[in-house]
Amino acid sequence: MAFSLKGIHVPHRKNTADMQAARMPAPKTVTLLTTMHIGKPAKPVVNVGDTVSVGTLIAEQDGFISSPVYSSVSGTVKAIADTVISNGKTAPAITIESDGAMTPDESVAAPQINSKEDFIEAVKKSGIVGLGGAGFPTYVKFATDKKIDTLVINGAECEPYITSDSITMVENADDILLAIETADKYFNFEKIVIGIEKNKPSAIAKMKELSAKNNKIQVKVLSSVYPQGGEKVLIYHTVGRTVKVGELPADVGCIVCNSSTMANIGKYLKTGMPLVEKVVTVDGGAVKEPKNVIVAIGTPIGEVFDFCGGFNSDPEKVIYGGPMMGVAVPDLTVPVLKQTNALIAFNKKETKTAKTTACIKCGKCTNSCPFGINPAAIAKAYKNKDAEALEKLGADICMLCGCCAYVCPAKRPLVETNSLAKNMLAAERAKKKEGNA
Amino acid sequence: MENKLHVSLSPHIHSNNSTMRTMLDVIIALVPASVAAVILFGIPALLVIAVCVVSAVAGEALFNLAIKKEQTIGDLSAVVTGLILALNLPANIPLWQAAVGSLFAIIIVKGIFGGLGKNIVNPAIAARVFMLIAFGSMTAAVFPKGLDATSGATPLAELAQDKTLNLMDLFLGKCGGALGETCALALLIGGVYLIVRKVITWHIPVAFIGTTFLFTLALEGGNFETTLAWVLSGGLMIGAFFMATDYVTSPSTVKGKLIFGIGAGVITVLIRFFGGYPEGVSFAILLMNIVNPYIDSLTPRKLFGGKK
């Protein structure tokens, strides 16, 4: 690796570092969306009035890129209704009233793994998706025909505030090891690297214990530069390979999994309990007692905040995930999702941003971009509806990490324009393809 | 409280940096040079600075009013333009000329092109060049008070006549010239402040001054002392640190900045040695401003993972 990719220094604010995750009591009701992953929504397989337990399948996988959903409480199915999800589309959501007992489903048993196919099937059944926030169905990464020689485990956790991955690495190291070793048995990786930013000493120490137990595992300590945990950035900084635009990690022989994803795979292999709960970091200026919480998926986020002492001032903005790439939610009734790794509540002061001025062409956006694209130029090309220029500028390379918008002195909405430009470029390409066909 | 949360696209946090803060940093960086100007040239210097800044800000405010545009004087860019222009003027310039120059910079060079960020050339430079051509008084040498001014020529003119100059005098600004360009020490302090505060990077100033040094050294047959005198004289320091680094009119990437700096250095020396004017810094930056869009489009950063 000749050089490091660019990035920015964001405040760490890891206030909950090394805070043991506290288990939340059973919620009264949970709302489980069928779209807690990238891909096709899962298909509900229960009816209103059905009795379910923790780990009962309530919506099955539908298609290759999809993931099953399991009940996170024991109780009764109250409603199955279309709900507006964060991208503005609607999808069915299953509401379950809890009986408070949290009885596990009888069918829950550790899977028998005797082959690569068994392992992939197990990961598929577990309902595990990329827990770093993206929510890509994890089994799909393993179910590849491409030649895989490297497993990269993402423990970078480069977003401010979030510590759920690092506390999982500390508390569930054995599960991570089990997942790694089971996968390795059938994939026979040449290299297994765990990448962690250097601001997480306890997680680094714990993961180094794993490499002492299994010398194939390497721990790579990375600089604390955002977006270190971006998939392409992590692959480049851990194994020095470049994933080109339009390619997947598998195209360069890599499978990348988040550390919490691996821990949950390990847990599933051990117990057979699918993904029904989640470690979530709860933080932000409006939160009274920032905490790491183990919470049933589907719990309304308002209850999670209540568990953390409630608010010390009215929250002005609440985010699923970190402040750099997280999604702002409309209200506190929305549920915890599979891929929710943090809930951040900002007060009024934290929400306020400086006034947007004209672009002063300082170049800070392009000079902070990990992939070297020029967001100011993209904004201009987008405004001119110039798809050809967007193509040349590599608008499709953007991963929307937000470095450009963070550093911009003029506070231009560069993530917005990049995102719009990406969509426009994709639409333009589809049109061209259609025309050629 | 339901449905009352603020929803916006990520990122949800931003750096403390702002356009206004950036401009404020440039103003702070110009304080040493401004103080040096007042010490060296006295009250007339203070008057020129005041007139330039006030007319720049007032010009922008009135122009915005006239074209019914949102008020932008709060971003402090007009203050920066006025201040830089003032530091490029001689202490004895008639104040009305200073005001006209300032208004020219703000309205003609910046305003009618669309305001901040849209101008093609640096407003202060364009105004200086305009005044050089329009008002003859600009080229006359003005000396700091208490100096023996019998020679009647600026250091650049003297160098052109192969005279030897005291390097320490040049470094401290005890020589003829515009208000803010004479004291290299004060300009260096301000330049270092801008680099430390990450407002600018070292690339343009180092490429500009370095090229000027090397090219001059070659033309002076390797005479180190005379070359240093050339580098410390005229508008090179203020130009390299404060005018060539103007975001709007200089390239964004490292490669572009180096090309810009080298180009400005070469043109400066060519004008100084072979041109009709004693000083070439302003013309050099102005010419590079004009080719800047081409430099910018030819020197993008390498795309990571882009198509071959």
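Residues numbered from 1 in each chain as written. Chains lettered and ligands numbered in written order. Predicted model: local features only at pLDDT ≥ 70, side-chain atom pairs only at ≥ 80, totals over all residues. Heavy atoms only, no water.

### With respect to the overall build of chain A
In terms of helices and strands, chain A carries 14 helices and 17 strands. Computed over C-alpha atoms, the radius of gyration of chain A comes to 22 Å, within 12% of the 22 Å expected from 2.2 N^0.38 for 437 residues, which places it in the range of a compact globule. Considering only C-alpha atoms, chain A reaches an extent of 60 × 55 × 50 Å along its principal axes. The buried share of chain A, reckoned over its 437 residues, is 56%. Once local pairs closer than 6 in sequence are excluded, the contacts in chain A between residues at least 24 apart make up 72%. Surface accessibility of chain A: about 17700 Å² in total, with carbon and sulfur atoms responsible for 52%. Charge centroids of chain A, computed over 51 positive and 44 negative side chains, lie 9 Å from each other. (Helix = DSSP H or I, 4+ residues; strand = E, 2+ residues; numbered from the N terminus. Rg over C-alpha atoms; globule rule 2.2 N^0.38 Å. Buried < 20%, exposed > 50% of the residue type's maximum accessible area, 1.4 Å probe, protein only. Contact = heavy atoms within 4.5 Å. Areas by Shrake-Rupley, 256 points an atom, 1.4 Å probe, with all protein chains shown as cover. Lys, Arg positive; Asp, Glu negative; His and termini not counted. Charge placed at Lys NZ, Arg CZ, Asp CG, Glu CD.)

### Some words on a nonpolar patch on the surface
On the surface, Leu219, Ile262, Val266, Leu270 and Phe274 of chain B cluster together into a nonpolar patch covering about 430 Å² of accessible area. Exposure remark for Leu219 of chain B: the relative accessible area of 36% places this residue in the partly exposed category. (Patch = residues over 30% accessible without salt bridge, like charges linked within 9 Å, V, L, I, M, F, W, Y side chains within 5 Å. Salt bridge = Lys/Arg side-chain N within 4 Å of Asp/Glu carboxyl O.)

### Regarding the pairing of strand β17 (residues 342–346) of chain A
Residues and elements named next belong to chain A. With 5 of its 5 residues buried, β17 lies for the most part within the structure. Burial of the side chains of β17 extends over both faces: Ala342, Ile344 and Phe346 are buried on one face and Leu343 and Ala345 on the other. Looking at chain direction, strand β13 (residues 277–283) and β17 are connected through 3 bridges and run parallel. Considered in β17, the bridge of Asp283 is made with Ile344. As defined by bridge partners, strand β15 (residues 317–320) adjoins β17 across 4 bridges and the pair is classed as antiparallel. Residue pairing for β17: Ile319 is matched across the bridge by Ile344. (Pairing = 2+ DSSP bridges.)

### Examining the nonpolar core
Residue and element names in this part refer to chain B. Among the nonpolar cores identified, the biggest contains 83 residues, and Leu87, Leu89, Leu179, Phe208, Met237 and Phe242 are the most heavily contacted of them. With 10 residues, helix α1 (residues 19–41) is the single largest residue contributor to this core. Beyond its immediate sequence surroundings of up to four residues, Met237 is in contact with Ala184, Leu187, Leu188, Ile209, Val231, Leu232 and Phe242. (Core = buried A, V, L, I, M, F, W, Y, C linked by side-chain atoms within 4.5 Å.)

### Comments concerning the sheet that holds strand β7 (residues 75–84) of chain A
Think of a sheet as strands paired side by side through backbone hydrogen bonds, with each pair either parallel or antiparallel. The strand order β2-β8-β7-β4 (chain A) describes an open sheet built from 4 strands, whose pairing is antiparallel. The two strands at the open ends of the sheet, each matched to only one other strand, are β2 (29–33) and β4 (51–52) of chain A.

### Looking at the sheet that holds strand β9 (residues 150–155) of chain A
Residues and elements named next belong to chain A. In space, the 4 strands of this open sheet follow the order β11-β10-β9-β12, with parallel pairing throughout. Only two strands of the sheet have a single partner each, and these edge strands are β11 (217–222) and β12 (254–258). With strand direction ignored, the average angle separating the axes of adjacent strands in the sheet is 25 degrees. Where β9 and strand β10 (residues 191–197) come together, 6 bridges link them in parallel fashion. Of the residues in β10, the one forming a bridge with Asn154 is Gly195. Running over the sheet, helix α5 (residues 201–213) touches β10 and β11 and is turned about 160 degrees from β11. (Axes fitted to C-alpha atoms, helices over the stretch in contact; angles between N-to-C directions.)

### Topic: the pairing of strand β8 (residues 90–98) of chain A
Residues and elements named next belong to chain A. Direction of pairing for β2 relative to β8: antiparallel, over a ladder of 5 bridges. Residue pairing in the sheet places Val30 in a bridge with Ile96 of β8. In this sheet, β8 lies alongside β7 in antiparallel orientation, the contact comprising 9 bridges. Across the sheet, Gly75 pairs through a bridge with Ser98, a residue of β8.

### Things to note about helix α1 (residues 116–125) of chain A
Residue and element names in this part refer to chain A. Among the residues making up α1, those that are buried are Phe119, Ile120, Ala122 and Val123. For α1, the angular spread of buried residues about the axis comes to 155 degrees, placing them on one side. Immediately beyond the C-terminal end of α1, within one or two residues, lies Gly127, with a positive phi of roughly 70 degrees. (Arc of directions from axis to C-beta.)

### Overview of the domain arrangement of chain A
All names here are of chain A. The domains assigned to chain A are domain 1 (22–104 + 274–348), domain 2 (116–271) and domain 3 (364–436). The interface is formed by 33 residues belonging to domain 1 together with 29 residues belonging to domain 2. For the pair domain 1 and domain 2, the two sides together bury roughly 2300 Å², of which 61% comes from carbon and sulfur. It is Phe64, Leu275 and Asn341 in domain 1 that bury the most area against domain 2; as a group they hold 21% of the surface buried on that side. Linking domain 1 with domain 2 are 0 salt bridges, by the criterion used here. Applying the counting rule to domain 1 against domain 2 returns 14 residue pairs in polar contact (both at pLDDT 80 or more). Sorting the residues of the side of domain 1 that touches domain 2 by element identifies β13 and β17 as the ones contributing at least two each. A total of 6 residues in the side of domain 1 that touches domain 2 trace back to one element, the largest contributor, which is β13. (Domains from an automatic or database assignment. Buried area = accessible area lost by both parts, 1.4 Å probe. Polar contact = N/O pair within 3.5 Å; in protein donor to acceptor, adjacent residues only side chain to side chain.)

### Here's the deal with the side chain of Asp25 of chain B
Within the element layout of this structure, Asp25 of chain B appears in helix α1. Those residues in contact with Asp25 of chain B, other than ones at most four positions away along the chain, are Tyr193, Leu194, Arg197 and Val199 of chain B.

### A word on the interface of chain B and chain A
Interface size is often expressed as the accessible area that is lost when the parts come together. The interface is formed by 39 residues belonging to chain B together with 66 residues belonging to chain A. In total, chain B and chain A occlude about 4200 Å² of area from one another, counting both sides; carbon and sulfur atoms represent 59% of this. On the chain B side of the interface with chain A, the three residues burying the most area are His12, Arg301 and Phe304 of chain B, jointly 20% of the side's total. Where Glu70 of chain B meets Lys355 of chain A, a salt bridge forms, and the shortest distance between an N and an O atom there is 3.6 Å. Along the contact surface separating chain B from chain A lie 18 residue pairs in polar contact (both at pLDDT 80 or more). Residues that form the side of chain B that touches chain A fall into these classes: 12 nonpolar, 17 polar and 10 charged. (Nonpolar A, V, L, I, M, F, W, Y, C, P; charged D, E, K, R; others polar.)

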